Amino acid sequence: MIDLLNMTRAGLADYCLSQAHPAVHANQLFRHTYKRMSDSPWHGGFIPQRLAEAMKQSFEIKLPVISEQHKSAYDQSVKFLLSLTDGGKVESVLMPEKKRLTLCISSQVGCAQGCVFCHTGRMGLLRNLSAGEIVSQVYLANAWIAEHPGWLETVQLPAKSRVSNIVFMGMGEPLDNVDGVVSAIKILIDPFGFALGLAHISVSTAGHLDGINAIFEQLPSVRLALSVHSVDDVKRSKIMPINRRWPLITVLDRLREQQRLGAKGILLQYTMIRGVNDSEHDAHMLAEAIAGLDAKINLIPLNEVSASRLTCPDAVTIQSFRDVLHQKGIRVMVRYSKGQDIAAACGQLVVKAQ
Ligand code: SF4
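The shown structure was predicted, so the numbers you read here are calculated from the model rather than taken from an experiment.

Asks: Could you clarify how one ought to interpret the overall build of the protein chain in this entry?
Replies: Along its length, the protein chain carries 12 helices and 14 strands. Structurally, the protein chain occupies a C-alpha span of about 70 × 45 × 40 Å along its principal axes. The burial tally for the protein chain puts 56% of its 354 residues in the buried class. Once local pairs closer than 6 in sequence are excluded, the contacts in the protein chain between residues at least 24 apart make up 66%. Total accessible area on the protein chain stands at roughly 15,500 Å², and carbon and sulfur atoms take up 51% of it. Within the protein chain, the 32 negative side-chain charges are centred at a point lying 4 Å from the centre of the 37 positive side-chain charges.

Right, here's the structure in full:
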């Protein structure tokens, strides 16, 4: 059986044609799947009976289940633990903000990159998520929101609000799973699917150059969020092993080149770690390294995880670092992660391997 949630509308149109039916039926099937959230969209009489019968024989909707949910007492963000149909587990985090609902989603079960400050990295990589498993996270979050109108009231968002922004910053290095991520984005931005704007989706990467090339080939204006964390080659290789394969300088050059071709500004994420990357000298080096790049920097005070001895700098150190960048005319913000009390903040997502 084929998981319908793995199919882009173009793929479904091809299927309709292969069954000697017009491709346009894919539009209705998509609308019923994602807008009406039907779990058997081939029923309902809007496609020919023969096509509906063929689909019933070949397709299913494989939705994970929400096996746990934890709500933050501080900021009302909600962390979902999802059980996949093969028993694997991933997490996603729903974060209410002024006028928008952002969902942080996972792209892999675990992660192969092994960044030392990241809890997910300690799991190792178990497997990639399929496109269907990626979009399921949005599907299930929207279903949860619909079932909890009181939560929308608490976070002061209008009734019927649904996920409006997606960040691929949950478990996994998304660009280690480009095929799954690109297909999922196509479904998320499809006007008959989730109808989100591409500008409302950010794909985070630790600096996976092959993946950057591959995603720009298919989605040239996709918004990337590059995790920098240090511009010192030796230090960065120590905290982010991916730097040994693709040094930051090469990745930044590639991003400059894409911007010359018309790509949008990039978000740079910089997790601040006490005594590792938090000095004013580090801030000057960072400013120098990103010269000529249209970029905004988020400084993220480290979320301390119990398994690591790394700690977060004090507020004065963070402010001095920010001031150096600000004085150089760089757009910079200090962003405290949401959901810290439920271990849903950046680098804290982890589930036990099966
Ligand atoms: S920070 Fe991202 S890329 Fe690095 S180990 Fe964690 S999930 Fe993987």
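Asks: Help me out: how do you make sense of the site of the ligand in this one?
Replies: Around the ligand, the structure places Cys 111, Gln 113, Gly 114, Cys 115, Cys 118, Gly 121, Gly 172 and Ala 206. Class assignment of the residues belonging to the shell around the ligand gives a composition of four nonpolar, four polar and no charged.

Asks: Help me understand the nonpolar core, please; the structure alone is not making it clear to me.
Replies: Nonpolar side chains tend toward joint burial in soluble globular proteins. Counting residues in hydrophobic clusters, the biggest one holds 106 residues, and the most contacted among them are Met 55, Leu 94, Ile 166, Phe 168, Leu 255 and Ile 297. With nine residues, the top contributor of residues to this core is helix H4 (residues 131–147). Structurally, this core is a two-domain feature, drawing no fewer than three residues from each of domain 1 (2–60) and domain 2 (65–342). Residues contacting Met 55, with those up to four places away along its chain left out, are Leu 4, Leu 12, Tyr 15, Leu 29, Trp 42 and Ile 47.

Asks: Could you clarify how one ought to interpret the packing of aromatic side chains in this entry?
Replies: The relation between two aromatic rings is expressed through the spacing of the ring centres and the mutual angle of the planes. By the definition in use, this model includes six aromatic pairs. Between Tyr 34 and Phe 194, the aromatic rings sit 4.9 Å apart at their centres with planes inclined by 50 degrees, giving tilted as the arrangement. Residue Tyr 34 is located in helix H2 (residues 25–35), and its partner Phe 194 is located in the loop between helix H6 (178–189) and strand S10 (201–205); the two are separated by 160 residues in the primary sequence. Aromatic side chains Trp 144 and Trp 151 sit 5.3 Å apart centroid to centroid with 75 degrees between the ring planes, which places their arrangement in the edge-to-face category. You'll find Trp 144 and Trp 151 in the same group, each marked buried.

Asks: I keep staring at the pattern of salt bridges and nothing clicks. Help me out?
Replies: Opposite charge on two side chains permits pairing when their charged atoms draw close. Applying the stated criterion to the full structure yields 12 salt bridges. Salt bridges sharing common partners tie together Asp 86, Arg 127 and Glu 133.

Asks: Sorry if this is basic, but what is going on with unusual backbone geometry here?
Replies: Leaving glycine out, the prevailing phi sign among residues is negative, and the prevailing peptide bond configuration is trans. Even without being a glycine, Ala 20 presents a positive backbone phi close to 65 degrees. Along the polypeptide, Ala 20 turns up in the loop between helix H1 (9–18) and H2. Of note, the phi angle at His 229 is positive, near 65 degrees, even though the residue is not glycine. Position of His 229 among the secondary structure elements: in the loop between strand S11 (223–227) and helix H8 (233–239).

Asks: Where do I start with helix H11 (residues 280–289) in this structure?
Replies: Turn by turn, an α-helix covers 3.6 residues, leaving residues three or four places apart pointing in a common direction. When we look at burial in H11, the residues that qualify are Asp 282, Ala 283, Leu 286 and Ala 287. In an axial view of H11, the angular spread of the buried residues amounts to 140 degrees, which keeps them on one side of the axis. Turned more than 90 degrees away from the buried face of H11, the exposed residues are His 281 and Glu 288. On its buried face, H11 sits against H8, strand S12 (266–272), strand S13 (295–301) and helix H12 (315–327).

Asks: Would you mind going over the environment of Asn 298 with me for this structure?
Replies: Within the secondary structure layout, Asn 298 lies in strand S13. Taking the C-alpha atoms as reference points, Asn 298 and Ser 227, separated by 71 residues in sequence, lie 9.6 Å from one another. Ignoring sequence-local partners within four residues, the contact set of Asn 298 consists of Leu 267, Leu 268, Gln 269, Tyr 270, Met 333 and Arg 335.

Parameters and conventions
Sequence order as written defines the numbering, with residues in each chain counted from 1. This being a predicted model, a pLDDT of at least 70 is required before a residue's local features are given, and a value of 80 or more before pairs of side-chain atoms are given or counted; all residues contribute to the totals for chains, interfaces and linings. The basis for the side-chain values is all heavy atoms of the structure; hydrogens and waters are excluded. For the purposes of this entry, the term helix denotes a DSSP run of H or I that reaches at least four residues, the term strand denotes a run of E that reaches at least two, and both are numbered from the N terminus. Each residue gets one of three labels from its accessible area relative to the maximum for its type: buried under 20%, exposed over 50%, partly exposed in between, using a 1.4 Å probe on protein chains only. For this analysis, residues touch if any pair of their heavy atoms sits within 4.5 Å. Surface exposure here means Shrake-Rupley accessible area, sampled with a 1.4 Å probe, where a residue is shielded only by the protein chains that are shown. When charges are counted, Lys and Arg contribute as positive and Asp and Glu as negative, whereas His and the chain ends are disregarded. By convention, the point assigned to a charge is CZ for Arg, NZ for Lys, CD for Glu and CG for Asp. Residue proximity to a molecule or strand is established when one non-hydrogen atom of the residue lies within 4 Å of it. Note on residue categories: nonpolar means Ala, Val, Leu, Ile, Met, Phe, Trp, Tyr, Cys or Pro, charged means Asp, Glu, Lys or Arg, and polar means any other residue, Gly included. Grouping buried Ala, Val, Leu, Ile, Met, Phe, Trp, Tyr and Cys residues that are joined through side-chain atoms within 4.5 Å yields what is termed a nonpolar core. The domain boundaries here were taken from an automatic or database domain assignment. Put simply, two rings from Phe, Tyr or Trp (the six-membered ring, in Trp's case) pair if the centres are within 6.5 Å, and we call them stacked under 30 degrees between planes, edge-to-face over 60, tilted for the rest. Counted as salt bridges are all cases of a side-chain nitrogen of Lys or Arg within 4 Å of a carboxyl oxygen of Asp or Glu. To obtain the arc, one takes the directions from the helix axis to the C-beta atoms.

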